[in-house]
Amino acid sequence: TNTNEEEAIQFLDEFNTEAQIRGPVAIEAAWTYNTNITDHNQRQMTTELMKIATYAKQTQLGAQQFDRTNFSYDVNRQLEKMLYIGDAALNNPVELLELMELKAKMQARYSTGEVCLTEEECYPLDPDLTETMASSRNYDELYWAWDGWRDAVGVPARQDFERYVELKNKAALANDQPDCGAFWRSWYEVDNLEEQLDALYTQLSPLYTQLHAYVRRRLYDLYGPDYVNPRGPIPAHLLGNMWAQSWINLMDDVVPYPGKPSVDITPVLQEENYTPLQMFEISDEFFKSIGLIEMPQEFWDESMIEKPTDGREVVCHASAWEFINKIDYRIKMCTDINMDDFITIHHEMGHVEYFLQYKEQPVVYHTGANPGFHEAVGDVLALSVSTPKHLNSIGLLKEVVEDYEADINYLMSIALDKIAFLPFSYLLDLWRWGVFDGSITPDEYNQKWWDLRLQYQGILPPTERTEDDFDPASKYHVAADTPYIRYFISYIIQFQFHKALCDEAGHEGSLYTCDIYRSEEAGQLLANMLQQGGSLPWPDQMEQMTGQRDMDAGPLLEYFEPLINWLEEENEGEELGWDHDTTWRPKEPG
Ligand SMILES: O=C(CCC(O)(O)[C@H](Cc1ccccc1)NC(=O)c1ccccc1)N[C@@H](Cc1c[nH]c2ccccc12)C(=O)O
Ligand SMILES: [Zn+2]
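These numbers come from a predicted model, not from an experiment. Residue numbers restart at each chain and count upward from 1, following the sequence in its written direction. The naming scheme follows written order: chains are lettered A onward, ligands numbered 1 onward. Only residues with pLDDT of at least 70 are given local features in this predicted model, and only at 80 or more are side-chain atom pairs given and counted; all residues enter the totals for whole chains, interfaces and linings. Processing note: side-chain calculations cover all non-hydrogen atoms of the structure and skip hydrogens and water entirely.

Visitor: So what's going on with the packing of helix H20 (residues 485-504) against helix H23 (residues 554-570)? Which residues, and what values?
Guide: Every axis in this analysis is a line fitted to C-alpha atoms, fitted for helices over the stretch in contact. Angles between the N-to-C directions lie between 0 and 180 degrees. For the purposes of this entry, the term helix denotes a DSSP run of H or I that reaches at least four residues, the term strand denotes a run of E that reaches at least two, and both are numbered from the N terminus. The contact between H20 and H23 brings their axes to 7 Å, and the two run at 75 degrees. Overall, the two elements H20 and H23 adopt an arrangement that is roughly perpendicular. Judged by residue contacts, Tyr491, Phe495, Gln496, His498 and Lys499 of H20 engage Pro555, Leu556, Glu558, Tyr559 and Phe560 from H23. Gly is placed with the polar residues, together with every amino acid not listed as nonpolar (Ala, Val, Leu, Ile, Met, Phe, Trp, Tyr, Cys and Pro) or charged (Asp, Glu, Lys and Arg). When the residues that make up the contact of H20 with H23 are grouped by side-chain class, the tally is 6 nonpolar, 2 polar and 2 charged. Any angle that falls under 35 degrees is termed roughly parallel, while one over 145 is termed roughly antiparallel, one within 65 to 115 roughly perpendicular, and all others oblique. We call two residues in contact whenever any of their non-hydrogen atoms come within 4.5 Å of each other.

Visitor: So what's going on with the site of ligand 1? Residues and values would help.
Guide: The rule for a residue being near a molecule or strand is that one of its heavy atoms must lie within 4 Å of it. His317, Glu348, His477, Tyr484 and Tyr487 are the nearest of the 21 residues found near ligand 1. N or O atoms closer than or at 3.5 Å make up a polar contact, with two conditions inside protein: a donor-capable atom paired with an acceptor-capable one, and, for residues adjacent in sequence, both atoms drawn from side chains. Here an oxygen atom of ligand 1 sits 2.8 Å away from a polar atom, N or O, in the side chain of His477. Within the side chain of Tyr487, one N or O atom sits 2.6 Å away from an oxygen atom of ligand 1. Here the Shrake-Rupley method, with its probe set to 1.4 Å, supplies the accessible areas, and only the displayed protein chains count as covering residues. Protein contacts shield 80% of the accessible area of ligand 1, which totals 770 Å² for the unbound molecule. Counting only elements with at least two residues in the shell around ligand 1, the list comes to strand S4 (319-322), helix H14 (339-357), helix H15 (371-385), helix H19 (476-479) and H20. The biggest single contributor to the shell around ligand 1 is H14, with 5 residues. Across the shell around ligand 1, the residue classes break down as 8 nonpolar, 9 polar and 4 charged.

Visitor: Requested: an account of the coordination of the zinc ion (ligand 2), with residues and values cited.
Guide: Within the protein, His347 (NE2), His351 (NE2) and Glu375 (OE) serve as the donor atoms for the zinc ion (ligand 2), at 1.9 to 2.1 Å. For the zinc ion (ligand 2), the single-chain donor residues occur in sequence as H-x3-H-x23-E. Highlighted residues: His351 in helix H14 and Glu375 in helix H15, separated in sequence by 24 residues. Burial classification: accessible surface area is computed with a 1.4 Å probe over protein chains only, and a residue below 20% of its type maximum counts as buried, one above 50% as exposed, and the rest as partly exposed. Given the relative accessible area of 10%, His351 is considered buried. Listed donors are limited to N, O and S atoms within 2.8 Å of the metal, widened to 3.2 Å for Na, K and Ca; water is not among them, so incomplete-looking sites are possible.

Visitor: Describe in detail the packing of aromatic side chains, supporting the description with residues and values.
Guide: Side-chain rings of Phe, Tyr and Trp (the six-membered ring for Trp) are treated as a pair once their centres are within 6.5 Å; stacked means planes under 30 degrees apart, edge-to-face means over 60, and tilted covers the remaining angles. Counted by the stated rule, this structure contains 50 aromatic pairs. Arranged with centres 6.1 Å apart and planes meeting at 65 degrees, the rings of Tyr257 and Trp566 form a pair that is edge-to-face. Of this pair, Tyr257 sits in the loop between helix H10 (251-254) and helix H11 (266-271) while Trp566 sits in helix H23; the two residues are 309 residues apart in sequence, bridging distant segments of the chain. A centroid spacing of 6.1 Å and a plane angle of 50 degrees characterise the contact between Trp431 and Phe470, whose relative ring orientation is tilted. Of this pair, Trp431 sits in helix H17 (residues 404-437) while Phe470 sits in the loop between strand S6 (459-460) and H19, placing them 39 residues apart in sequence. Of the two residues examined, Trp431 and Phe470, each falls in the buried class.

The following block contains the structure:
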């Protein structure tokens, strides 16, 4: 083996140059497929991805030549990142091709899935079924969309998924990892991640239980005792979202003090005919206001921010794209004109901001400090943007009242998104890690999924589910080979970041009223972290920003403190939790 550090540095420089030439070609082919799903474009993408995989394999072999023992920290870290190359580690090219085609096929099935009322009348997830789940209060109509979607994209995915699991585990073994879940967890560079996450969830579950009891009572008032049991789990299709992962669309039915002005900007966005472009420009302006880098011209020229109307099939699930040529950065999103998508735009733009901030780093460091960091950036800014004061100052809320009741309404709206999301974002990869490590076998995929959905979310399916169903694949990230624990981690650390940025901005008063708009100091603190990309372990970067090294639920609990007190009082007399009546089932849908 080679102990010559000079040669290692030479090797790294050559990779860095080569990657910026080869990378864009493959990413462009993936972009073309994602924005125009055809067999031809899939073949083109697969061909390019195979070439990049071969190059990654060569790079891995090259990096393995070196004995890193006495190399500098940075050279060692860059070489180490080259050793783990994901799917490309599959030694058998036939299997690698099979895996790529499986992934493309599952992603295409999800992205083109639809539920039909009649032969000619079919509805896709985005925007139609999403809108039905958000706005219908008809138990049977909600069930039609919920069950139809699972029949359309869940059931047919099972066979592909089982083969996908085998191949992903083979690739993990080729990366010296016992299974794919272990490989995905290795990105967090801590050896007790699962224990840390379990401790965080234990700390947060009482708050979720309070919110669950409150919302359940309101749904009981709405749907009656045939469909909602005030002591049991909630039917999964009543929460305003296809996966019950965010309950924000129930706000009108659960708002604590109805007499106060709304905090939902959807009516204004629609009445004033805001366009997706204008929504993106408002987001970009916020990033600029705190001194971050604005979206480049190529971003505005090449992004796809609306669902095409020319008949093209596209992957509508939002994503942010870096072409590692220091020039091209894009967002692909089928933007709907509502608050949900206004927030998602900030989420996606947060990814692009991270790309822009770390673009001078070596390519191997073009990642988040950990995947949760990448998911948190946009959401942190959205916490400021969402404040009624801020929305009022940019003309998206016509009236704002600042008193205790209005504050509780606001905190409820944020909790319906952030607190409701915690169990879902935790359980999804608990299930998937179990699938990868073999503790969850194909004959129980669906049963174990619903066991976890009951245990953590306190929900149950509106009808009996069997192993003929495969409900996990009704969620994009399961169909699209995208890990999910990153969002659970993001929802915790984004409040740590928010608190640090608010302190830096000189904010005084409650954390939930903080808006870092126009604070160059806050922006500088954030940029200093973002610029580092993956060059330093995330605890070091967490310490630079917040003064301590761990994930900590404290700032989240501080943010929601007034609502926690309000819920405890409001829920006096409620039977908290959902294991009081495990035999109850809702009445069958019509
Ligand atoms: O999936 C997303 C947004 C999509 C994404 O930006 O996270 C996207 C997912 C993806 C990953 C890989 C391939 C294709 C899509 N991630 C990125 O675009 C991305 C880009 C660079 C680095 C890391 C992630 N949000 C999650 C949950 C969520 C977290 N915060 C939110 C805020 C608003 C709405 C949803 C969410 C969901 O919809 O269930
Ligand atoms: Zn994201």
